[in-house]
Amino acid sequence: MTESPDRRPLPRDFFDRPVLEVAPDLLGRTLIRDTDDGPIELRLTEVEAYAGAIDPGSHAFRGRTDRNAVMFGPPGHAYVYFTYGMWHCLNLVCGPEGMASGVLLRAGEIGVGVELARKRRLSARHDRELAKGPARLATALDVDRALNGTDVCAGPEAPLSILAGTPVPPDQVRSGPRTGVGGDGAVHPWRFWIGDDPSVSPYRAHAPRKRRT
């Protein structure tokens, strides 16, 4: 018999740990987005760790700005950023306050609210593609900058929350380089995913942008 996912919210001390402990431990957890049209629940299947000031791939590597200020705050909050002029991405702040580390939520399997997600992801050919990639995940869950700074440990009334779900056994967790990260940050195997899960996004190496002449 399959064990039912744990519906208890993750406490703040879950996030108040080193980012490389939190990131793989998020796999299998349940992310809930409470929208005006109803809830959407997603089982996390792929994440990436970003380690602040020691990590050239992190938005916080060069210090605090208006954009990344949430990352320097207490753990257990959402950091939402806008990229390429069209997409949002959702991260969870972790580690001690001031360390500015976080986990990018890259992919997941939607179990509740599939119809709501489909309305936002009309180009998805299959349900397993609804949240297959960080921008798709944010789009499917109706996540934008209005949710930046949301306390995901605040309880069921919050627009975003994380439940204990069903943690993934260590032997099912895979790791490798982060997608699209170049330079010194490319060497870190800080992308974590559930092996053979169809909702996991494909890996893409960093491709430097060509300057217009």
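Located above this text is the structure these notes cover.
Just so it is clear, the model here is predicted, and its values are computed rather than measured.

What follows concerns the overall build of the protein. For the protein, the count of helices and strands is 4 helices and 9 strands. Mapped in sequence order, the helices and strands of the protein form the string β-α-α-β-β-β-β-β-α-α-β-β-β. At 16 Å, the protein has a C-alpha radius of gyration in line with the 17 Å of a compact globule built from 213 residues. Seen through its C-alpha atoms, the protein measures out along the principal axes to roughly 50 × 40 × 35 Å. For the protein, buried positions account for 51% of its 213 residues. Once local pairs closer than 6 in sequence are excluded, the contacts in the protein between residues at least 24 apart make up 62%. Element-wise, carbon and sulfur atoms account for 51% of the exposed surface of the protein, whose accessible area totals about 11,200 Å². Here the protein contributes 28 positively and 27 negatively charged side chains, and the mean placements of these two sets differ by 9 Å.

This part takes up the nonpolar core. Judged by nonpolar contacts, the single largest core of 43 residues is most densely connected at Phe15, Leu26, Leu105 and Ile110. It is strand S3 (residues 38-50) that provides the largest number of residues to this core, a total of 5 residues. Those residues in contact with Leu105, other than ones at most four positions away along the chain, are Leu26, Leu31, Leu44, Glu46, Val47, Leu90, Leu92, Pro134 and Leu137. Core analysis: the second largest hydrophobic core is formed by 12 residues, Ala60, Met71, Cys89 and Leu104 among them.

Backbone geometry at Ala100 places phi at a positive 60 degrees, although glycine is not the residue there. The residue Ala100 is located in the loop between strand S5 (87-94) and strand S6 (101-112) in this model. The backbone phi angle of Asp196 is positive, close to 65 degrees, even though this residue is not glycine. Here Asp196 is to be found in the segment after strand S9 (191-194).

Turning our attention to the layout of surface pockets. Its boundaries defined by the atoms lining it, the largest pocket holds a volume of some 1,100 Å³. Surrounding the largest pocket, 36 residues form its lining, Tyr81, Tyr84, Arg106, Thr179 and Gly180 being those nearest its centre. Of all the elements in the fold, those that place two or more residues in the lining of the largest pocket are S3, strand S4 (78-83), S5, S6 and helix H4 (134-140). Looking at which element gives the most residues to the lining of the largest pocket, the answer is S5, with 5 residues. Tallied by class, residues from the lining of the largest pocket come to 17 nonpolar, 12 polar and 7 charged.

So, on to the environment of Leu92. Looking at where Leu92 falls in the secondary structure, it is placed in strand S5. Of the residues examined, Leu92 reaches a relative accessible area of 2% and is grouped as buried. Counting along the chain gives 11 residues from Leu92 to Val103, while the straight-line C-alpha distance between them is 5.2 Å. Not counting residues up to four positions away in its chain, the partners in contact with Leu92 are Phe15, Leu26, His77, Ala78, Ser101, Gly102, Val103, Leu105, Val152 and Ile162.

Considering all chains together, one arrives at 0 disulfides under this definition. No disulfide involves Cys89; its sulfur sits 16 Å from that of Cys94, the nearest cysteine. As a non-bridged cysteine, Cys153 has Cys94 as the owner of its nearest cysteine sulfur, 11 Å distant.

Residues Asp34, Asp36, Asp37 and Glu157 make up a contiguous surface patch of negative charge. Using a relative accessible area of 72% as the deciding quantity, one classes Glu157 as exposed.

Attention now goes to the environment of Asp197. With respect to the element layout, Asp197 can be found in the segment after S9. Sequence separation between Asp197 and Glu109 is 88 residues; the distance between their C-alpha atoms is 9.1 Å. Once residues lying within four places of it in the same chain are set aside, the contact partners of Asp197 are Arg43 and Thr45.

Reading the values: the criteria
Residue numbers run consecutively from 1 along every chain, following the written order of its sequence. Given that the model is predicted, a residue must reach a pLDDT of at least 70 before its local features are reported, and side-chain atom pairs must reach 80 or more before they are shown or counted; all residues, however, enter totals for whole chains, interfaces and linings. With hydrogens and water set aside, each side-chain value is computed from the structure's full complement of heavy atoms. Each helix corresponds to a stretch of at least 4 residues labelled H or I by DSSP, and each strand to a stretch of at least 2 residues labelled E; elements are numbered beginning at the N terminus. Taken over C-alpha atoms, the radius of gyration is set against a globule rule of 2.2 Å times the number of residues to the power 0.38. Each residue is placed in one exposure class: buried if its accessible area under a 1.4 Å probe, protein chains only, is under 20% of its type's maximum, exposed if it is over 50%, and partly exposed if it falls in between. Any two residues whose heavy atoms approach within 4.5 Å are treated as being in contact. Throughout, the Shrake-Rupley method with a 1.4 Å probe supplies accessible areas, and for residues the shown protein chains are the sole cover considered. For the purpose of counting charges, residues Lys and Arg are taken to be positive, whereas Asp and Glu are taken to be negative. His and the chain ends are not included. Every charge is mapped to an atom, namely NZ of Lys, CZ of Arg, CG of Asp or CD of Glu. The set of buried Ala, Val, Leu, Ile, Met, Phe, Trp, Tyr and Cys residues whose side-chain atoms join them within 4.5 Å is what this entry labels a nonpolar core. Space inside and on the surface of the protein is sampled on a 1 Å grid over the protein atoms alone, with a cavity defined as a set of points where a 1.4 Å probe fits but cannot get out and a pocket as an open set with protein on both sides within 12 Å along at least 5 of 7 lines; lining residues have an atom within 4 Å of a point. Grid points are joined across faces, edges and corners, and a volume is the space filled by probe spheres set on the points. Gly is put with the polar residues, along with every residue not named as nonpolar or charged; the nonpolar set is Ala, Val, Leu, Ile, Met, Phe, Trp, Tyr, Cys and Pro, and the charged set is Asp, Glu, Lys and Arg. A pair of cysteine sulfur atoms is labelled a disulfide when the two atoms are within 2.5 Å. Patches were defined on residues exceeding 30% relative accessible area and lacking a salt bridge, with like-charge contacts within 9 Å and nonpolar side-chain contacts (Val, Leu, Ile, Met, Phe, Trp, Tyr) within 5 Å. A pair is scored as a salt bridge if a Lys or Arg side-chain nitrogen falls within 4 Å of a carboxyl oxygen belonging to Asp or Glu.

Don't take any of this as a statement about function, it's just geometry.
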